[in-house]
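# Summary of structural features
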Amino acid sequence: MNIAVFVSGNGSNLQALIDAGRAEKLSAGKIALVVCDQPEAFALRRAQKAGIPTLVVEGNDYASREEYDRRIIQRLRQDNVELVVLAGFMRILSGHFVNEYKDKILNIHPALLPDFKGARGIKDAYEAGVEITGVTVHFVTEELDSGPVILQERVRIEKDDTIKTLEEKIHKVEHKLYPEAVKMFVDGELVNSE
Ligand code: GRF
């Protein structure tokens with residue numbers, strides 16, 4: 001099953017998926033393409049090092065979100081992509097894209113949804129002073145960070161945690177959880193009934 005991973009930045013989750021694939025932990029899943037909106041993203045270097053084809057599409061070059069997404073869809077079709085995995089991709093997908101890949105788009109969020117939606121999930125939880133936060137893998141729907149939950153794992157915020165140590169703990173859990181969820185999808189164990 002061909003998988004496209006969408007990234008914008010560091011790409012540590014992409015790396016975890018690449019490593020899982022190498023260790024044959026994604027079943028029949030294969031990362032066939034990495035899509036990125038930032039030409040300087042470190043994630044692109046990770047993809048190149050792993051020999052995975054990349055598609056860089058910059059937002060500024062397109063008049064609308066849908067036009068941008070159509071360009072990507074064209075390539076996904078060409079590459080027979082059956083699963084889209086968002087891993088720190090900082091653009092919101094259009095309704096057109098979400099419909100086109102309905103129930104075939106996963107996202108990872110660094111908090112226990114529905115708590116702390118948005119781009120600052122770790123920081124918001126830390127600043128709110130909660131004792132428990134965590135990681136969520138979910139299906140993507142049109143509404144941001146709101147699709148059906150697939151897997152969640154809790155992370156305790158200890159008294160001596162700083163934002164930095166919390167980030168490290170969250171990322172460690174992400175790197176374990178995301179490959180697990182992708183494998184479940186590839187194995188046909190996930191059915192979005194909503
Ligand atoms: C992760 O914390 C993920 O939960 C969020 O964006 C971050 C991406 O990090 N959606 P990386 O680029 O995979 O290192």
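Scroll up to find the structure this text is about.
Note that the coordinates shown come from a computational prediction; the quantities given were computed from them, not determined experimentally.

The rules behind these values
Residues numbered from 1 in each chain as written. Predicted model: local features only at pLDDT ≥ 70, side-chain atom pairs only at ≥ 80, totals over all residues. Heavy atoms only, no water. Phe/Tyr/Trp six-rings, centres within 6.5 Å; stacked < 30°, edge-to-face > 60°. Buried < 20%, exposed > 50% of the residue type's maximum accessible area, 1.4 Å probe, protein only. Lys NZ or Arg CZ within 6 Å of the ring centre and 35° of its normal. Helix = DSSP H or I, 4+ residues; strand = E, 2+ residues; numbered from the N terminus. Contact = heavy atoms within 4.5 Å. Pairing = 2+ DSSP bridges. Axes fitted to C-alpha atoms, helices over the stretch in contact; angles between N-to-C directions. Parallel < 35°, antiparallel > 145°, perpendicular 65-115°, else oblique. Left-handed = near helix turned anticlockwise from the far one by under 90°. Nonpolar A, V, L, I, M, F, W, Y, C, P; charged D, E, K, R; others polar. Polar contact = N/O pair within 3.5 Å; in protein donor to acceptor, adjacent residues only side chain to side chain.

On to the packing of aromatic side chains, then. In the structure shown here, the tally under the stated rule is four aromatic pairs. Relative to Tyr68, the ring of Tyr62 has its centre 5.6 Å away and its plane inclined at 85°; by these criteria the two rings are edge-to-face. Owing to a relative accessible area of 24%, Tyr62 belongs among the partly exposed residues under this scheme. Aromatic rings pair up to connect Phe6, Phe89, Phe97 and Tyr101 into one cluster. We note Arg91 situated over the ring of Tyr68; from NZ or CZ to the ring centre the distance is 3.6 Å.

For helix α1 (residues 12–22), the complete set of buried residues consists of Ser12, Asn13, Leu14, Ala16, Leu17, Ile18 and Ala20. Buried residues along α1 sit against β1 (2–7), β2 (30–36), α2 (42–49), β4 (81–86), β5 (105–109) and α6 (163–186). Looking at the residues trailing α1, positive phi occurs at Glu24, about 55°.

Attention shifts here to the sheet that holds strand β6 (residues 132–139). Judged by pairing direction, the sheet is mixed, and its seven strands sit side by side in the order β3-β2-β1-β4-β5-β6-β7 without closing on themselves. A single partner strand is all that each edge strand has here, and the edge strands are β3 (54–56) and β7 (149–156). Each neighbouring strand pair of the sheet contributes to a mean axis angle of 20°, computed without reference to strand direction. Across six bridges, the pairing between β1 and β2 is parallel. Following the sheet pairing, Ala4 is matched in β2 by Leu33. Along the sheet, α6 makes contact with β1, β4, β5, β6 and β7, crossing β7 at roughly 160°.

Counting buried residues along β5, five of its five residues qualify, which places the element largely inside the surrounding structure. Burial of β5 is two-sided: the residues Ile105, Asn107 and His109 facing one way and the residues Leu106 and Ile108 facing the other way are all buried. The pairing of β4 with β5 spans three bridges and is classified as parallel. Its bridge partner lying in β5, Leu86 is registered against Asn107.

As a further point, take the packing of α1 against α2. Look at α1 against α2: their axes get within 9 Å of each other, and the N-to-C directions meet at 15°. One finds that α1 runs roughly parallel with respect to α2. Once α1 is placed against α2, the crossing between them reads as right-handed. Every residue of α2 that contacts α1 at Ser12, Leu14, Gln15 and Ile18 is listed here: Ala43, Arg46 and Ala47. Its residues assigned to classes, the contact of α1 with α2 comprises four nonpolar, two polar and one charged.

For Asp161, the position within the fold is in the loop between β7 and α6. Between the alpha carbons of Asp161 and Tyr126 there is a distance of 9.1 Å; along the sequence they are 35 residues apart. Excluding residues within four positions of it along the chain, Asp161 makes contact with Tyr126, Arg156, Leu166 and Lys169. Polar side-chain contacts of Asp161 include one of 2.9 Å to the backbone nitrogen of Glu158. For Asp161, the side chain forms a polar contact with the side chain of Lys169, separated by 2.6 Å.

Among the eight residues of β6, seven are classified as buried, and the element is accordingly described as predominantly covered. Note: β5 against β6, four bridges, orientation antiparallel. Bridging from a neighbouring strand, Asn107 pairs with His138 of β6. Across seven bridges, β6 lies against β7 in antiparallel orientation. When the bridges of β7 are listed, His138 appears paired with Val149.

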